[in-house]
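Letter by letter, the chains look like this.
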Amino acid sequence: GGVEQLQKIMCKNFELFRKTALLAEKYHMKVYVRHYPPEQKYIPEEEKELLKALGFELLSASREDFLKAVCASKVAIGHMTSALTYALIYGCRCYNLVIGGKDQRFDYCGLNIHDIKIDQIPDLSLDISEEAVPVNCINYIDVERLCSYPDLSERKRTM
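If you're wondering where the values come from, they're calculated on a predicted model, not measured in any experiment. Counting from 1, residues in each chain are numbered in the order their sequence is written. Where local features are concerned, this predicted model is filtered to residues with pLDDT of at least 70; where side-chain atom pairs are given and counted, the filter is 80 or more; whole-chain, interface and lining totals use all residues. With hydrogens and water set aside, each side-chain value is computed from the structure's full complement of heavy atoms.

Quick notes on the environment of Y32
In this description a helix means any DSSP run of H or I spanning at least four residues, a strand means any run of E spanning at least two, and both kinds are numbered starting from the N terminus. Here Y32 shows up in strand β1 (residues 32–33). Sequence separation between Y32 and A69 is 37 residues, and the spatial gap between their C-alpha atoms is 6.7 Å. In what follows, residue pairs with any heavy atoms lying within 4.5 Å of each other are defined as contacts. Sequence-distant contacts of Y32, that is, excluding residues within four places in its chain, are made with E57, L59, A69, A72 and S73.

Below, the structure written as structure tokens:
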């Protein structure tokens, strides 16, 4: 998209990271960041440096790293992503970023995923007194199976 588009993305991401840092500081929380696509080659070096300076951990593209981070988290913030449904399964309070008005809302089929604007992030009131889901929860829930759709022949046998 060129330099102009990169500057727009960086500006928007900078504001998101700044607001998230305020929330993390308020509740003494660690922040994990996963981009889409998650491959490192798509993330500008300036953004990597910013994340490091804020103390955020940039996740790799691996599914295992993503699930470990979700298991260790209490809050998940994303923008129109199915990753929030995974986070919800693992007990996170989930927020969908609404960027650009109501047309940017995502239908999560009635799941308990709340819409939020970037400016509202630092004002979130969280109850973080509960124990986090243990990182080894990956062994107990088969997310692939839980979120996949069996073909019709398999459905008929299980109904």
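Here the narrative resumes.
Quick look at helix α2 (residues 45–54)
Owing to its 3.6 residues per turn, the α-helix aligns residues three or four sequence positions apart on the same side. Those residues of α2 that fall on the buried side of the exposure criterion are E47, L50 and L51. The arc enclosing the buried residues of α2, seen along the axis, measures out at 100 degrees, which places them on a common side. Facing away from the buried side of α2 by over 90 degrees, the exposed positions are E46, E49, K52 and A53. Of the residues flanking the end of α2, it is G55, one or two places downstream, whose phi is positive at about 85 degrees. For every residue, the accessible area obtained with a 1.4 Å probe (protein chains only) is divided by the maximum for its type, and the residue is called buried under 20%, exposed over 50%, and partly exposed between those limits. Summarising the geometry, the arc corresponds to the directions from the helix axis toward the C-beta atoms.

Notes on unusual backbone geometry
A positive phi angle, near 50 degrees, is found at M80, a position not held by glycine. Relative to the elements of secondary structure, M80 occurs in the loop between β3 (75–78) and α4 (83–89). Of the residues examined, M80 reaches a relative accessible area of 33% and is grouped as partly exposed. Positive phi is not limited to glycine here, since C109 has a value of about 55 degrees.

A few points about the sheet that holds β3
For two strands to pair, DSSP has to find at least two bridges joining them. Pairing is parallel across the open sheet formed by 3 strands, whose spatial order is β3-β4-β5. In this open sheet, the two strands that pair with only one neighbour each are β3 and β5 (113–116). With direction set aside, neighbouring strand axes in the sheet form an average angle of 25 degrees. Where β3 and strand β4 (residues 93–97) come together, 4 bridges link them in parallel fashion. Each residue of the ladder has a partner; that of I77, found in β4, is Y95. Note on geometry: axes are C-alpha line fits, over the in-contact stretch for helices, and angles between N-to-C directions span 0 to 180 degrees.

Things to note about the state of the cysteines
Pairs of cysteine sulfur atoms within 2.5 Å are identified as disulfides in what follows. Counted under the stated rule, the structure contains 0 disulfides. With no disulfide of its own, C92 has C94 as its nearest cysteine by sulfur position, at a separation of 5.5 Å. The class of C92 is buried, set by a relative accessible area of 5%.

Things to note about the packing of aromatic side chains
For Phe, Tyr and Trp, where Trp contributes only its six-membered ring, two rings pair if their centres lie within 6.5 Å, and the inter-plane angle classes them as stacked under 30 degrees, edge-to-face over 60, or tilted in between. Taken as a whole and judged by the stated rule, the model has 2 aromatic pairs. Ring geometry for F66 against Y86: centres 6.1 Å apart, planes inclined by 85 degrees, an arrangement best described as edge-to-face. Of this pair, F66 sits in helix α3 (residues 63–71) while Y86 is found in helix α4, placing the two residues 20 residues apart along the sequence. By the burial criterion, F66 is buried, and Y86 matches it.

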